Structures are given as structure tokens and as C-alpha cells.
Amino acid sequence: MEIKSISDIPGAFFYPLKEWAEASSTNWNIFVGIPMVLLLVAAIAYIRLIKTIGEPDERTNQYHKHWAYVVLITILVCDIIFPKEYLVMQFFVYKYALAVLAGDIYFYIQHNKDFS
């Protein structure tokens, strides 16, 4: 893939991944399966963290607001980084899996900080 402008850099960076994923059906299943498992694990972790902090109040509302902020920032960064020419839906799943996982990591660290 030829780079003609700065906006072509993410596309050129992920192009070998596209070629690898399209080389065989096993590679494709791995490429699609990893973010699905990651999203499932992140969703389960979020539910577990919600149950750990207890009933909604002023303290837990702050957790949720900061979690949403971290998720939003991660989605914006992924929108900038991931290519928009090919494998759009697959990178969409990666984007949201990474965003929820980043929010969960923040949630876990903040919760441990507050209760240590």
C-alpha cells in the first residue's frame, strides 16, 4: 500500500493485518473471534465491578462518569488510528472491546485506590 498523505498511514499500518486475515478462513476466524471474546470478558468484568461497588450513590456515580469518559476517549483514539477503507465492521468490534476494557481497567484501579 502506497502512502500519499498523512491520513494514509493508519491504512498502510493495518494493511498487512488485512492480508493475513484474508489469507485463510482460520485466520479470519481468529481475527474476528479475539475481539468478541475480549468484549465478552470486558462486559463480564464491568458487571462484576458494578456489583462490587454496591448501590448507586454519589460515590458510584463518579465511578460511572469517569468510566464513560475513559471509554469515550478510547473510542475517539481508535477512530483516529483504525483504517476506514477496509474491515470497518471488524475494527468496530475491536474499537469497542478495547474501549470497554480500558474503562474496566480504570474502574478497577480507581476502586482499589479508594478502598486501600
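The preceding data block contains the structure.
Residues numbered from 1 in each chain as written. Predicted model: local features only at pLDDT ≥ 70, side-chain atom pairs only at ≥ 80, totals over all residues. Heavy atoms only, no water.

(A) Spatial organisation of the nonpolar core. Ranked by size, the top nonpolar core spans 11 residues in total: Ala42, Tyr46, Leu49, Ile53, Tyr63, Trp67, Val71, Ile75, Ala99, Val100 and Phe107. Listed by contribution, the elements that provide at least two residues to this core are α2 (25-53), α3 (58-81) and α4 (88-114). Those residues in contact with Leu49 that lie beyond four places of it in its chain are Asp104, Phe107 and Tyr108. Counting 9 residues, the second largest nonpolar core, distinct from the first, contains Cys78, Tyr86, Phe91 and Tyr94. (Core = buried A, V, L, I, M, F, W, Y, C linked by side-chain atoms within 4.5 Å. Buried < 20%, exposed > 50% of the residue type's maximum accessible area, 1.4 Å probe, protein only. Helix = DSSP H or I, 4+ residues; strand = E, 2+ residues; numbered from the N terminus. Contact = heavy atoms within 4.5 Å.)

(B) Layout of α3. Compared with an ideal rise of 1.5 Å per residue, which puts 24 residues at 34 Å, α3 spans 35 Å between its outermost C-alpha atoms and is within 8% of the ideal. Listing the buried residues of α3 in full gives Thr60, Tyr63, Trp67, Val70, Val71, Thr74, Ile75 and Cys78. Next to the buried residues of α3 lie α2 and α4. (Expected span 1.5 Å × (residues − 1).)

(C) Geometry of the environment of His64. As for its position among the elements, His64 is in helix α3. Using a relative accessible area of 27% as the deciding quantity, one classes His64 as partly exposed. Sequence separation between His64 and Phe107 is 43 residues; the distance between their C-alpha atoms is 8.1 Å. When neighbours within four sequence positions are excluded, His64 is seen to be in contact with Tyr46, Ile50, Ile53 and Phe107. Engagement of the side chain of His64 in a polar contact is seen with the side chain of Tyr46, the distance being 3.1 Å. (Polar contact = N/O pair within 3.5 Å; in protein donor to acceptor, adjacent residues only side chain to side chain.)

(D) Layout of the packing of aromatic side chains. One pass over the structure, following the stated rule, counts 10 aromatic pairs. Taking the centre distance of 6.0 Å and the plane angle of 45° together, the rings of Trp28 and Phe31 count as tilted. Of this pair, Trp28 and Phe31 both sit in helix α2, 3 residues apart, roughly one helical turn. Its relative accessible area of 2% is what places Phe31 among the buried residues. Residues Phe31 and Tyr94 carry aromatic rings whose centres are separated by 5.3 Å and whose planes lie at 40° to one another, so their mutual orientation is tilted. Here Phe31 is found in helix α2, whereas its partner Tyr94 is found in helix α4, with 63 residues between them in sequence. One aromatic cluster is present, built from ring pairs that chain together Trp28, Phe31, Phe82, Phe91 and Tyr94. Positioned above the aromatic ring of Tyr86, the side-chain terminus of Lys18 is 5.8 Å from the ring centre. (Phe/Tyr/Trp six-rings, centres within 6.5 Å; stacked < 30°, edge-to-face > 60°. Lys NZ or Arg CZ within 6 Å of the ring centre and 35° of its normal.)

(E) Region of the structure containing α2. The terminal C-alpha atoms of α2, which comprises 29 residues, lie 42 Å apart, in line with the 42 Å expected from a rise of 1.5 Å per residue. Among all positions in α2, only Asn27, Phe31, Pro35, Ala42, Tyr46, Leu49 and Ile53 are buried. Positive phi shows up at Gly54, right after α2, with a value of about 95°.

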